[in-house]
Every structure is written in C-alpha cells, then in structure tokens.
Amino acid sequence: MAENDLISGGALTPIVREIKTVLSSARCSAAQQINNELLNAYWNIGRIICEFEQSAPQRADYGKQTLKELSKELTKELGKGFSRSNLQNMRQFYLTYRKCQTLSGKLTWSHYCELLSISDTDKRSFYENEAINSNWSVRELKRQIESSLFERLLLSRGNADKEQVLSLALKGNEITSPSDIIRDPYVFEFLALPENKPVLENDLEQALVKQIEDFLLELGRGFMFVGTQQRVTVNNTHYYVDMVFYNKILRAYVLIELKTTKLTPEAAGQINMYLNYYASEINDADDNPPIGIILCTDKDSITAEYALGGLSNNIFASRYVLYMPDKEQLVAQIEEVLNKWHNDEHGDV
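Residues numbered from 1 in each chain as written. Predicted model: local features only at pLDDT ≥ 70, side-chain atom pairs only at ≥ 80, totals over all residues. Heavy atoms only, no water.

Student: Run through unusual backbone geometry, naming residues and quoting values.
Tutor: Note the cis peptide between aspartate 184 and proline 185, where omega equals 0 degrees. Within the chain, serine 148 stands out as a residue other than glycine whose phi angle is a positive 55 degrees. Relative to the helices and strands, serine 148 is located in the loop between α8 (138–146) and α9 (149–156). For alanine 192, which is not a glycine, the phi torsion comes out positive at approximately 55 degrees. Mapped onto the elements of the fold, alanine 192 is located in the loop between β1 (186–187) and α11 (201–210). (Helix = DSSP H or I, 4+ residues; strand = E, 2+ residues; numbered from the N terminus.)

The structure is reproduced here in structure tokens:
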C-alpha cells in the first residue's frame, strides 16, 4: 500500500482538529495577556498623571491644559490612542480603581470606559459584575446602561431596600429563584416599532423572533429559545403558547404570553393552564416547575394582585416599552421605594 494512501481521506482529521484547538487556545491566551497588559499600562498612565498633578498643587488648576499638551506630545511620540479624552479616562481609571489588582481581565479598556461614565459606585459595580458574569460585549454593556437595567431590576422586586442595592452591586443579578429573572419594564427599543401605532400580538411576536439575539439579551442570563406557538392540547382542543424558552440556570421552562393591551385576569388564567400542562406533560424529572411571564403594555397593582394571587404556579406580569425608559424617572421611582422602606423600617421622623 502506498504511503499516500495511509494518510488520505479523513485520517488526518483528528490531527488537524487537535492542532486547531492548540492554536485557538494559544491565540486566546495571547489576546488575554495583551488585554491585561494594556489595562495595567493605562492604569499606570493614569497614576503618573495624578502623581504629576499632586506634585505641584497649582498644576491641578490647569488640568485640562496639561492633558491637552500631554496629548500632543504623546501623539507625536507614540501615535494614536492618546487623545485628551482618552487621557482623561486613564486618569479617572486610576482614581476609580485605586488598586490595580481589582481590575478584571475579562473586561477590555472599552468596557471600562463605559463604566467610568457611571458616577454612582453601587450602580457601576453592578454593571461591572454583570458584564463579567454575562460576558457582555461593549455594545451590550452600553445598551444595558442606557436601558437602566439596574433600576429596572430593583423596581421589579417591588420591596427594594438597601440590602438589595448592595447585593446587586457586589454580585450582579444572582439567579436563584424565578423572581430573579423578572424585569419591569422590559425594553424592546431594538424592534424599532412605532410607539404611537397599535401593534398586533402576531406582529410583535414575529418582530421579537427576527431580533431573537437582542430579545435573549433583554431577557437575561441562562435563556435558550425553544420556539413560538407551542401547542398545548387539552380535551382535543389545541391552544398555543406565544413563546417558550428554557432557563438553564433555573432548569425550568419559561412560557411567555404577549399582550398588546393591559393585564387582564383572563391572561393569568390562560397562562396558568399552560403551566399546569407543561408541569404534567412536558417537564422531565429533573426540571423545576415552569415559569410564566405575561408581557403587557400596562398593569395596575390591584388587578395584578387579584389576577395572580393564590395561584400555585410561578406567574409574573411585566410591562414592556418600545423605547428607552426615562432614566431620571426610574431613579426617582427607586428613591421613592427606598425612602418608603426606610420609613417603614425606622418610622417617620
């Protein structure tokens, strides 16, 4: 048998696969090392700038002019990457993260530039942890900041308190129970649907499927898309669940009903039936009870209380909006909830 025959066909496939794995691992390791070194370098540049300013107090008074002149000199000597705004970020980088060891190599310089725009320490810490935990790209991080995810998660809990703020800041959004995956409101600005034009439920569903990657990002960590219009048959009558997902962290199916109206008791009854069916007919032995989410344009607390109260299944009602929410309004709502909690805990002063 010829030597070429011994190595023809797919005989080399395992070797090629192994070499590709080794090379891919080496490239990832090299990229990670480069990223770590860049973060360390930018932190040290920020330190040098701050120490220069502190060495002569009057220099701090001319900080902007100093950075402008420094930018010119560094650009002349080293090339691009040393604009005045970038040097300002490096300076702020050092002032914000006083210990270089606290920096995460899982985030890039661009990630940190987005984080530096957040003045509130707890909020910034939350987005930093979530970006690491969820492996957000810079684009995804920017969108979550703009959509006020921190405030929306706090508001979705209803009884937000200082402990919850601290927990989000230190750990990100820990998912240990069905309520942890709920956001209120959900933000669907990526659909680019007109705000003042009625939308049919079928059109909303199709738009979400077309933008499924963005929708999964908005739903949060652990979600996997199962399908739309999943059939449920009861007494030879067919019903259809709008959208079905599986959350691998909670090990549970998540059934979503889309409503282009406000929350109604009928919607709660409908999804409750679907959850009973999934628990009985679809769940595997190691699956947890399914979760139901009704996405509606509006809800009031009294209707939600009577529609969802007393049900044994995990059912939640959340609003959705087709535009980025007003940050100031959400912050004001959070402060109102926290003030109410403080007064309830300590009594009105």
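Student: I'd like a description of the pairing of strand β2 (residues 223–234), backed by residues and values.
Tutor: In this sheet, strand β3 (residues 237–247) lies alongside β2 in antiparallel orientation, the contact comprising 10 bridges. Bridging across to β3, valine 234 finds its partner in threonine 237. (Pairing = 2+ DSSP bridges.)

Student: Describe the pattern of salt bridges, with residues and values.
Tutor: Scanning all chains against the criterion turns up 15 salt bridges. Its salt-bridge partner being glutamate 218, residue arginine 143 comes within 2.9 Å of it at the nearest N-O pair. Highlighted residues: arginine 143 in helix α8 and glutamate 218 in helix α12 (residues 212–219), separated in sequence by 75 residues. Residue class for arginine 143 comes out buried when judged on its relative accessible area of 8%. (Salt bridge = Lys/Arg side-chain N within 4 Å of Asp/Glu carboxyl O. Buried < 20%, exposed > 50% of the residue type's maximum accessible area, 1.4 Å probe, protein only.)

Student: Tell me what's going on with the packing of helix α2 (residues 13–55) against helix α5 (residues 84–96), and back it up with residues and numbers.
Tutor: Relative to each other, α2 and α5 sit at 90 degrees, their axes nearing to 7 Å. Overall, the two elements α2 and α5 adopt an arrangement that is roughly perpendicular. For the pair formed by α2 and α5, the contact residues are Leu39, Tyr42, Trp43, Ile45, Gly46, Arg47, Ile49, Cys50 and Glu53 on the first element and Leu87, Met90, Arg91, Phe93, Tyr94 and Leu95 on the second. Its residues placed into classes, the contact of α2 with α5 shows 11 nonpolar, 1 polar and 3 charged. (Axes fitted to C-alpha atoms, helices over the stretch in contact; angles between N-to-C directions. Parallel < 35°, antiparallel > 145°, perpendicular 65-115°, else oblique. Contact = heavy atoms within 4.5 Å. Nonpolar A, V, L, I, M, F, W, Y, C, P; charged D, E, K, R; others polar.)

Student: Tell me about the sheet that holds strand β4 (residues 252–258), and name the residues and values.
Tutor: What the 6 strands build is an open sheet, ordered β1-β6-β5-β4-β3-β2; its pairing is mixed. The open sheet has two free edges, formed respectively by β1 and β2, since each of these has just one partner strand. One ladder, built from 6 bridges, connects strand β5 (residues 291–296) with strand β6 (residues 314–321); its direction is parallel. Note on β6: the bridge partner recorded for isoleucine 293 is phenylalanine 316. The sheet contacts of helix α13 (residues 265–282) involve β2, β3, β4, β5 and β6, and relative to β4 the element is tilted by about 155 degrees.

Student: Which residues make up the pairing of β5, and what values do they have?
Tutor: Across the 6 residues that make up β5, a large majority, 6, are buried. Of the two faces of β5, the one holding Ile291, Ile293 and Leu295 and the one holding Gly292, Ile294 and Cys296 are both buried throughout. Here β4 runs beside β5; their pairing, made up of 5 bridges, is parallel. By the bridge assignment for β5, valine 254 is matched with isoleucine 291. Tracing the backbone out of β4, into α13 and back to the parallel element β5 gives a crossover that is right-handed. Handedness of the crossover joining β5 and β6 through helix α14 (residues 301–308) is recorded here as right-handed. (Right-handed = clockwise from strand over helix to strand, strands pointing away.)

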